[in-house]
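Summary of the model geometry
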Amino acid sequence: MEEKETLREFEEMKPLLAQAKVGTFFVIPLKYESGALQKEKVRTVGKPWAVTTMDLSEPVKALFREDGTAAIGSCYEIDAPTLQEALFDRAADIAGFSVSEKGGDGEALPFTFHSAYLYLFHTQVAFLCLGLCYEDMRVLKWVCNLGFAESCADYHYCDAAGRSVDFSLEDKLQKFLSDLGLEGFFTPNNLFLEAYIDNVAVVPRRFYELDTIRRAAFNLHLMSPLDGCAEDDSEADVDYVYAVKTQTLGTYRWGCCVSSQTISYVMANEAMDRDGEMRAQAQDGLPLLLMALYEKYTCLRFTQLITAADKRNMKQLRALKRIMLEFQAYGTVDPANISRWHNIKCIYQAVVETNRVPQAIEDISHKLEILIEHQREIERSRNDLVAGIITLFGLVSILASVLTIIQILSGGSQAAWLAAISSVLLIAAIAAVLLFWGRRER
C-alpha cells in the first residue's frame, strides 16, 4: 500500500517531469607543467570567482582564497559570451549550436553555452567546469558518451546566413586551453570522456515523497528522460542525498544521485529558472565537488610526477615529498569538517569514498617513502665507500708515521727517546681520564 502511494506521486508528476529543463557542468580534469601556466592570459578571459557559499565551512572556503596563507588554488569565471569569443573567431555571427549522433539519423538537437569556471590548483592540477544547457536528454548522452572510449557527438553551429557549419568542440577547447598553458589530464582529445558530470534538472513542483526524487534523479543519472521508469540493478555505487523537509509545506525542494562519475540534482523551481539554479550550483555545488576531485587528481598527478622524476635526484624526491606533506596537512578535508550541514557532508563523503581518495593518498605517500628510502640506501652505500677509502689512506698514513718515528728513534739522541716516551705516557693518561669519566657518566 505504501509503495503504491509513493508511486502515485511519481505517476502524477510525470507530465511535470517531462517539462524539465536540464543543464550540465562538464568538470574536465586538466594539468599543467611547472612554469607553463599563463596566468596573465587566464585573467584576460576570466574574472576571479570568490567561493562564498554557506554550504562550506569557513576553513574550507579559506583554501580557495588566492591570497590566503593556506590557499590550495584559485577560481575564475568565464561568462558565456567571452567563452564563445575565445572558442570561435566570429562568435557574434553564430545564431545557435546543435549536436547530433555520429552514425545516427542526422537529427540535430540544440544546446547553449552557460558560464564556465576554471579552477587552478598549486599541485599542477586544474579543472574546466563547462556549462551547457539543453532540453533533450540525448544531448547529454551524446556529448559525454559515458562508459565508452570514443566520442559519438558531431557539433554544428548556424551562421548568420543560416548555414549549418560543422566543428569539433574538443579541438576548440584544446586550442583554448593550450593557449593558457593547460592540457587534458590523460589525453588531449576527447576531453568530455574523462569529465565528471554535474547535472541540474529543474521541475516546477516540490516533492512530497523521497521516492519520487529518487526515481527522477536516477533517471537523470542514467541520462534518460526524467519521467521514465529506468531500472538498473548493476548501479550499486550510487547514493542518494536529499534536502531537509520544509515542515510548513510538508515537501522537499531537491534531491540528488551521487556516483563515482556523476552527480545529478533534481530541483523544484516554480519559475523554472534554470539559469538561476545553474548559477546557484556554480556557487554552492561546484566548490564542494571540486574539493573532492582536487584530492583525487592530485594523487594521480603525483603518480605522474613520480614516474617522470629522476630517481637518483634526492633533491627532486625531497621536493615532491614536501609538496605531498603540505597537501596532506591542509589540502585534504575530512567529510566531518567540510560543512555544518549533514546532507552536504553526505554528498562530499559519497564522492570521496566512491573515488577511494583516502586510499589514493595513502598509496602515494607509501610510494614516495619507498623511493626516498631507496635513495637513502644508495647514499649510505656511497658514503660508506668514501669512508672506506679515507680509512685506507689513514692506515697508510699511520704506517708511514710509525716508520718515520722508528727511523728517528733508531739514530736519535737521548732527548728524542725522552720526548717519545713522554708523548706515549701523555696519550695514555688522557685516554685513562676519558675512560674514567665515561664510566662515571653511566
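Calculation criteria
Residues numbered from 1 in each chain as written. Predicted model: local features only at pLDDT ≥ 70, side-chain atom pairs only at ≥ 80, totals over all residues. Heavy atoms only, no water. Axes fitted to C-alpha atoms, helices over the stretch in contact; angles between N-to-C directions. Helix = DSSP H or I, 4+ residues; strand = E, 2+ residues; numbered from the N terminus. Parallel < 35°, antiparallel > 145°, perpendicular 65-115°, else oblique. Contact = heavy atoms within 4.5 Å. Nonpolar A, V, L, I, M, F, W, Y, C, P; charged D, E, K, R; others polar. Core = buried A, V, L, I, M, F, W, Y, C linked by side-chain atoms within 4.5 Å. Buried < 20%, exposed > 50% of the residue type's maximum accessible area, 1.4 Å probe, protein only. Pairing = 2+ DSSP bridges. Polar contact = N/O pair within 3.5 Å; in protein donor to acceptor, adjacent residues only side chain to side chain. Phe/Tyr/Trp six-rings, centres within 6.5 Å; stacked < 30°, edge-to-face > 60°. Lys NZ or Arg CZ within 6 Å of the ring centre and 35° of its normal.

**Topic: the packing of helix α4 (residues 80–87) against helix α6 (residues 169–179)**
For the pair α4 and α6, the least separation of the axes is 9 Å and the interaxial angle reads 95 degrees. Between α4 and α6, the crossing angle belongs to the class labelled roughly perpendicular. Of the residues in α6, those in contact with Leu83, Ala86 and Leu87 of α4 are Leu169, Lys172, Leu173 and Phe176. By residue class, the composition of the contact of α4 with α6 is six nonpolar, no polar and one charged.

**Some points on the nonpolar core**
One finds Phe26, Phe113, Leu182 and Leu226 to be the most contacted residues of the largest nonpolar core, which totals 70 residues. Leucine 182 has contacts with Leu30, Lys31, Tyr32, Leu37, Leu118, Leu120, Ala126 and Leu177, leaving out every residue within four places of it along the chain. Core analysis: the next-biggest nonpolar cluster, separate from the first, contains 59 residues, Leu56, Tyr265, Val333 and Tyr348 among them.

**A word on the pairing of strand β1 (residues 21–31)**
Burial analysis of β1 places 10 of its 11 residues in the buried class, the great majority of the element. Two strands pair when backbone bridges link them, and β1 and strand β10 (residues 196–203) are joined in this way by seven bridges, in the antiparallel orientation. Considered in β10, the bridge of valine 27 is made with tyrosine 196. Note: β1 against strand β6 (residues 125–134), 10 bridges, orientation antiparallel. Within β6, the position partnered with leucine 30 by the bridge is alanine 126. Sheet analysis places β1 next to strand β9 (residues 183–184), joined by two bridges and oriented antiparallel. Each bridged residue has a counterpart across the sheet, and for leucine 30 the counterpart in β9 is glycine 184.

**Side note on helix α5 (residues 137–144)**
An α-helix turns once per 3.6 residues; consequently, residues spaced three or four apart project the same way. Taken across its eight residues, α5 has six buried, putting it largely inside the fold. Every buried residue belonging to α5 is among Met137, Val139, Leu140, Trp142, Val143 and Cys144, and all of these are buried. Two to three positions downstream of the cap, the backbone nitrogen of arginine 138 sits 2.9 Å from a side-chain oxygen, assigning the N-cap of α5 to aspartate 136. Looking one or two residues past α5, asparagine 145 carries a phi angle of roughly 45 degrees, positive in sign.

**So, the packing of aromatic side chains**
Overall, the coordinates contain 23 aromatic pairs when judged by the stated rule. The interplanar angle of 40 degrees and the centroid separation of 5.8 Å between the aromatic rings of tyrosine 155 and phenylalanine 167 together place this pair among those described as tilted. In this pair, tyrosine 155 is assigned in strand β7 (residues 153–158) and phenylalanine 167 in strand β8 (residues 164–167), connecting sequence segments 12 residues apart. Judged by relative accessible area, which is 2%, tyrosine 155 ranks as buried. Exposure remark for phenylalanine 167: the relative accessible area of 10% places this residue in the buried category. Centre to centre, the rings of tyrosine 157 and phenylalanine 167 are 5.7 Å apart; their planes meet at 45 degrees, and the pair counts as tilted. A residue pair is termed long-range when its members are at least 10 positions apart, and tyrosine 157 in strand β7 and phenylalanine 167 in strand β8 qualify at 10 residues. Exposure class is identical for tyrosine 157 and phenylalanine 167. Each is buried. The cationic tip of arginine 215 hangs over the ring face of phenylalanine 10; the distance from NZ or CZ to the ring centre is 6.0 Å.

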